[in-house]
Amino acid sequence: MRTIFKSFLIIVAVLSLSACASISRSEFAGDVRHSDLRTAALSTKPIGHVEYGNGRNIKIGMNSPLMVGESLKGRFEVVSLQGVRGQPYALTVLAICDCLGFRKWTVVPDAYLLDHEGTMIAQGTIISPTHRHITGVFPRDGEYKVLVLADAIHEGEKVGSIRAWLPGGGLTSSFLDIPKRSHPTGIVQVSYPKAAS
């Protein structure tokens, strides 16, 4: 029983630290609405910068701006990165589950790479409901923006499950699948890994 309790405390500590390590919008923009990606990218100040070879955890919260378009609906955040003309990129956008207790919530992210004029360069391909991958080659030198939208259209829908071990002693131990559901706010990691050489 002590081992289970210690494991639980370690998991809680790791999740708490990962949540604390995220950056969030300091000014309130929760009532700011946009209807398209270009306008959203041009008028929204990035909340952070992602360096080549690194990643950032960003928080999409109730103070994040809102996208309400024909096919896009949800709160979003923007981070910037530097691109070099002709250099390939492989960006990863991965939602981090809010999995304390029986609450299993996660953002279902949509991800877009846009240039300084708000033109969409690439859209993230779906790896899983909570994982997007953006690949391509930078068309010019300069600053780019990654816009991550927390999809609110499918809020509450099941996007996976987490298997929990239920100790019962002896042969009675079992596993329980707890559904993981889409949520309109949460933490997302944006990574810009170095290309394999």
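Described in the following lines is the structure provided in the data block. (Residues numbered from 1 in each chain as written. Predicted model: local features only at pLDDT ≥ 70, side-chain atom pairs only at ≥ 80, totals over all residues. Heavy atoms only, no water.)

### Overview of the pairing of strand E10 (residues 125-128)
No. 1: Inspection of the sheet shows E10 paired to strand E11 (residues 131-137) by 3 bridges, in the antiparallel sense. Pairing of Ile126 across the sheet is with Arg132, part of E11. (Pairing = 2+ DSSP bridges. Helix = DSSP H or I, 4+ residues; strand = E, 2+ residues; numbered from the N terminus.)

### Remarks on the state of the cysteines
Joining two cysteines, a disulfide is a covalent bond between their sulfur atoms.
No. 1: One pass over the structure, following the stated rule, counts 1 disulfide.
No. 2: The partner cysteine of Cys97 in its disulfide is Cys99, sulfur to sulfur 1.7 Å. When the S-S torsion is 100 degrees, as for the bridge of Cys97 with Cys99, the disulfide is right-handed. Take Cys97 and Cys99: they sit in the same class, and that class is buried. (Disulfide = S-S within 2.5 Å. Buried < 20%, exposed > 50% of the residue type's maximum accessible area, 1.4 Å probe, protein only.)

### Considering the pattern of salt bridges
No. 1: Under the criterion given, the structure shown has 1 salt bridge.
No. 2: Across the salt bridge formed by Glu77 and Arg25, the nearest N and O atoms sit 2.6 Å from each other. Of this pair, Glu77 sits in strand E5 (residues 73-83) while Arg25 sits in the loop between helix H1 (2-20) and strand E1 (33-34), and the two are 52 residues apart along the sequence. (Salt bridge = Lys/Arg side-chain N within 4 Å of Asp/Glu carboxyl O.)

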